[in-house]
Amino acid sequence: MNIPSLARRAGVTAALLALAALFAAPAANAAVDDVTWTVRTESNSFGADRAGYEYTLSPGETITDGIVVTNRGAEPLDLGVYAADGFTTEDGGFDLLPAGEKSAKLGTWVTVDGGGVVSVAPGASAMVPFTIAVPANATPGDYGAGIVTSLATADQNAEGVTVDRRLGIRMGVRVDGELAPALAVDDVSVDWGGGLNPFSGDVDVAFTLKNTGNTTIGSVAGVTLAGPFGLLATDAADVGDAPELLPGETWTQKVTVPGFAALVLLTATATVIPASTDAAGTTASLAPVVASGTGWAVPWLLLALILLVVAAIVFVPRMLRARAATRQAREDARVEEAVAAALAK
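Since we're looking at a predicted model, the values are computed, not measured.

**Describing helix α3 (residues 300-343)**
The end-to-end C-alpha separation of α3 is 63 Å, in line with the 64 Å expected for 44 residues at 1.5 Å each. At F315, α3 shows its largest kink, close to 30°, and the proline P317 lies no more than four residues downstream.

**Looking at the packing of aromatic side chains**
Considering all chains together, one arrives at four aromatic pairs under this definition. Aromatic pair Y53 and Y55: ring centres 6.4 Å apart, planes at 10°, arrangement stacked. Judged by centre distance (5.1 Å) and plane angle (85°), the rings of Y53 and F130 are edge-to-face. In this pair, Y53 sits in strand β2 (residues 53-57) while F130 sits in strand β8 (residues 125-133), placing the two residues 77 residues apart along the sequence. Given the relative accessible area of 0%, Y53 is considered buried. The class for F130 is buried, based on a relative accessible area of 1%. Three or more aromatic residues joined by ring pairs make a cluster, and in this case those are F46, Y53, Y55 and F130. Taking the ring centre of F94 as reference, the NZ or CZ of R170 above it sits at 3.6 Å.

**What about the pattern of salt bridges?**
Applying the stated criterion across every chain yields a total of four salt bridges. The salt bridge partner of D65 is R50, with a shortest N-O separation of 2.8 Å. Here D65 is found in strand β3 (residues 62-71), whereas its partner R50 is found in the loop between β1 (37-41) and β2, with 15 residues between them in sequence. Each member of the pair, D65 as well as R50, carries the same accessibility label: buried. Linking D95 and R166 is a salt bridge whose minimum nitrogen-to-oxygen distance equals 3.9 Å.

**A few points about the pairing of strand β12 (residues 200-211)**
Pairing of strand β11 (residues 183-193) with β12, which is carried by nine bridges, proceeds in the antiparallel orientation. Bridging from a neighbouring strand, V190 pairs with V205 of β12. Summarising the sheet, β12 and strand β15 (residues 250-261) pair through 10 bridges and their orientation is antiparallel. Across the sheet, residue D204 finds its bridge partner in β15, namely T256.

**Some points on the side chain of D65**
Look at D65 and you get buried, because its relative accessible area is 2%. A distance of 2.8 Å separates polar atoms of two side chains, one belonging to D65 and the other to N44. D65 has contacts with E42, N44, F46, R50, Y53, Y55, V128, P129 and F130, leaving out every residue within four places of it along the chain.

**Points about the environment of D49**
Residue position: D49 is located in the loop between β1 and β2. On the basis of relative accessible area, D49 is assigned to the exposed category, the value being 75%. Excluding its chain neighbours within four sequence positions, the residues that come into contact with D49 are T41 and S43.

**Some points on the nonpolar core**
In this structure, W37, Y55, W109, F130, I132, I147 and M171 are the most contacted members of the largest nonpolar core, which totals 34 residues. If one sorts the elements of this core by residue count, strand β10 (residues 162-175) sits on top with five residues. With sequence-adjacent residues up to four places away left out, I132 is seen in contact with Y55, L57, E61, T62, I63, W109, V110 and M171. L183, F207, V223 and L245 belong to the second largest nonpolar core, which has 29 residues in total.

**So, the sheet that holds strand β6 (residues 110-112)**
Spatially, the four strands line up as an open sheet ordered β1-β3-β8-β6, and their pairing is antiparallel. Only two strands of the sheet have a single partner each, and these edge strands are β1 and β6. Across the sheet, the mean angle separating the axes of adjacent strands is 25° when strand polarity is ignored. In the sheet, β6 pairs with β8 via three bridges, with the strands oriented antiparallel. Counted as the bridge partner of V110 is I132 from β8.

Rules used throughout
- Residues numbered from 1 in each chain as written.
- Predicted model: local features only at pLDDT ≥ 70, side-chain atom pairs only at ≥ 80, totals over all residues.
- Heavy atoms only, no water.
- Helix = DSSP H or I, 4+ residues; strand = E, 2+ residues; numbered from the N terminus.
- Expected span 1.5 Å × (residues − 1).
- Bend = angle between axes of the 7 residues up to and from the residue.
- Phe/Tyr/Trp six-rings, centres within 6.5 Å; stacked < 30°, edge-to-face > 60°.
- Buried < 20%, exposed > 50% of the residue type's maximum accessible area, 1.4 Å probe, protein only.
- Lys NZ or Arg CZ within 6 Å of the ring centre and 35° of its normal.
- Salt bridge = Lys/Arg side-chain N within 4 Å of Asp/Glu carboxyl O.
- Pairing = 2+ DSSP bridges.
- Polar contact = N/O pair within 3.5 Å; in protein donor to acceptor, adjacent residues only side chain to side chain.
- Contact = heavy atoms within 4.5 Å.
- Core = buried A, V, L, I, M, F, W, Y, C linked by side-chain atoms within 4.5 Å.
- Axes fitted to C-alpha atoms, helices over the stretch in contact; angles between N-to-C directions.

Following this line, the structure appears as structure tokens:
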């Protein structure tokens, strides 16, 4: 691994930490460790004290909004300001593409005034306008992105390493048109971990959620685990929450069912109820989606013990009979030899 790669990784790591803290906050006003500035939405005709940017726009429509940056430190700040596509992380959070990675959707529709740079004096605030221009051929549905403020500095503890500290505000755009929320459930897997316990073990069940529609979609799932013919059917106690997925995104949901019997073949059934929010902000549940998968739960240690017992039952008597026959043959031979010797005298 070369030094530039290490530098890029260090920068990305710092950026993720900052963004995670921001998106976890109810308001778009946060500071993280060495980050000495805060960001918030501009108060204008779209509203005041907004937690993020949410719009419903038509293809070809253009709007202007703004992000307010406040310098909480004692030194002047020169920050980069840009838009980037958003995505759902593996742990279910929301993040934005790093500065060096090119956006392909909503991030490309946003233009930041001032060439993407803002200078803020200590204790002062600056509003940075940005414009969203929806392409005329944009397809209906939801798009996710964010406006990011970025400060790249040299790491004082590692020569040649740059740390990119970022704060941003989430943005969502729904393009008018026919909405088609849909969610698919695939790849249900069952992994029984009986270990040395021949009678039961924890069972890990996983399945993949894929947003196959054109709207952001959430879901609630239930999982049932059973042996052959539905034997000992059990509902998983806590499947956990799935994140909202943007169109086209996938996410793997996992749940563990503790202490399930080793019934050789197990079947897990995931029942997922998708939920979609319409333009009026009303969330409605869709028809449940059901998918199943199977996995082996073979008590190998118990089988080994059974095989040893069977082998003992089958082969030990044979072995004993063989030994007895051998001893008898030796005795017969000894007697015959003795008789022959006596007759020869």
